[in-house]
Amino acid sequence: MTQESKRKKIDVRVKRTYEQLTVAMIELLAKKSFDDLTVLEICNRAKVHRATFYKHFIDKHDFLNCCFKMKLSELDLGKSDKEFSIERMNENCMKMIEKVLNFVADNKEFVTCVSTEHFSSSFTNSLSDAIAEFIIEQIKTKSNLRDKLGYNLQLMAHYYAGAIVGLAHWWSTSENVCSKQMFLEFAKIKIDDLCNYFESFSVADKS
């Protein structure tokens, strides 16, 4: 077996261990708070040796942060285009929103679980930051427009990112809410507003 094959085998084993521990934590959090949860309980539930747990994590808080990162790594928001255009930005943002909806729907149990704890802001903030960075990245190739927007770019990106995360969470965890299609139709109106705002700077920049 080559070194590369060995590394991949180890990576798969570690990922499986992480997944077992994450599932165990979610199941336990349905019954008790994170503060009352012990590493031993998580390990017993996951059928993972405690020594293995401490080989990868400092404590349960470190493990929780790794859970956030691992979950967010599953979300590929996409990339910006090499050439900037308002039309492509609009399309990319709509695709991004649909990916976020699918992500929170597929991870509904996890999202609901962390929302009931005081650490929920850590996960939602990380997700919101990722979305804001995605929006900012959309105009990275348009340096003159980026410079003209200044702090407005950061403000708008984080404003919309917070709204997307909040609405996606509400949509995935509430009962009898609107359909995915209705959500996207509403989001399209708001993304049009965002793109029109950026376009107004772009037009002014050309004049």
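Not measured: the values here are computed from a predicted model. (Residues numbered from 1 in each chain as written. Predicted model: local features only at pLDDT ≥ 70, side-chain atom pairs only at ≥ 80, totals over all residues. Heavy atoms only, no water.)

Before going further, it helps to examine a nonpolar patch on the surface. Taken together, Leu167, Trp170 and Phe186 make up a surface patch of nonpolar side chains, about 280 Å² in accessible area. Within the fold, Leu167 resides in helix H9 (residues 151-173). For Leu167, a relative accessible area of 32% puts it in the partly exposed group. (Patch = residues over 30% accessible without salt bridge, like charges linked within 9 Å, V, L, I, M, F, W, Y side chains within 5 Å. Areas by Shrake-Rupley, 256 points an atom, 1.4 Å probe, with all protein chains shown as cover. Salt bridge = Lys/Arg side-chain N within 4 Å of Asp/Glu carboxyl O. Helix = DSSP H or I, 4+ residues; strand = E, 2+ residues; numbered from the N terminus. Buried < 20%, exposed > 50% of the residue type's maximum accessible area, 1.4 Å probe, protein only.)

Here we take up the confidence of the model for the protein chain. Model confidence for the protein chain is summarised by a mean pLDDT of 84, while 89% of its residues fall at 70 or above. The least confident element of the protein chain, judged by mean pLDDT, is helix H1 (residues 3-29) at 74; the most confident is helix H2 (residues 39-46) at 95. Taken together, the stretch residues 3-8 has pLDDT below 50 and engages in one contact with residues farther than four places along the chain or on a different chain. (pLDDT = per-residue confidence, 0-100. Contact = heavy atoms within 4.5 Å.)

The next thing to look at is the pattern of salt bridges. In the structure shown here, the tally under the stated rule is six salt bridges. Where Arg88 meets Glu91, a salt bridge forms, and the shortest distance between an N and an O atom there is 2.4 Å. Of this pair, Arg88 and Glu91 both sit in helix H5 (residues 86-106), separated by three residues, roughly a single helical turn. Residue Glu91 is classed as partly exposed on the basis of its relative accessible area of 38%. Close ionic contact of Lys180 with Glu98 constitutes a salt bridge, the shortest N to O distance being 3.2 Å.

This next bit is on the packing of aromatic side chains. Scanning the entire structure with this criterion turns up nine aromatic pairs. Between the aromatic rings of Phe57 and Phe63, the centroid separation amounts to 5.0 Å while the plane-to-plane angle is 65 degrees, which identifies the pairing as edge-to-face. For the pair formed by Phe57 and Phe63, the shared burial category is buried. An aromatic cluster of at least three residues, connected via ring pairs, comprises Tyr18, Phe53, Tyr54, Phe57 and Phe63. A cation over a ring is seen here: Lys60 above Phe34, with NZ or CZ 4.9 Å from the ring centre. (Phe/Tyr/Trp six-rings, centres within 6.5 Å; stacked < 30°, edge-to-face > 60°. Lys NZ or Arg CZ within 6 Å of the ring centre and 35° of its normal.)

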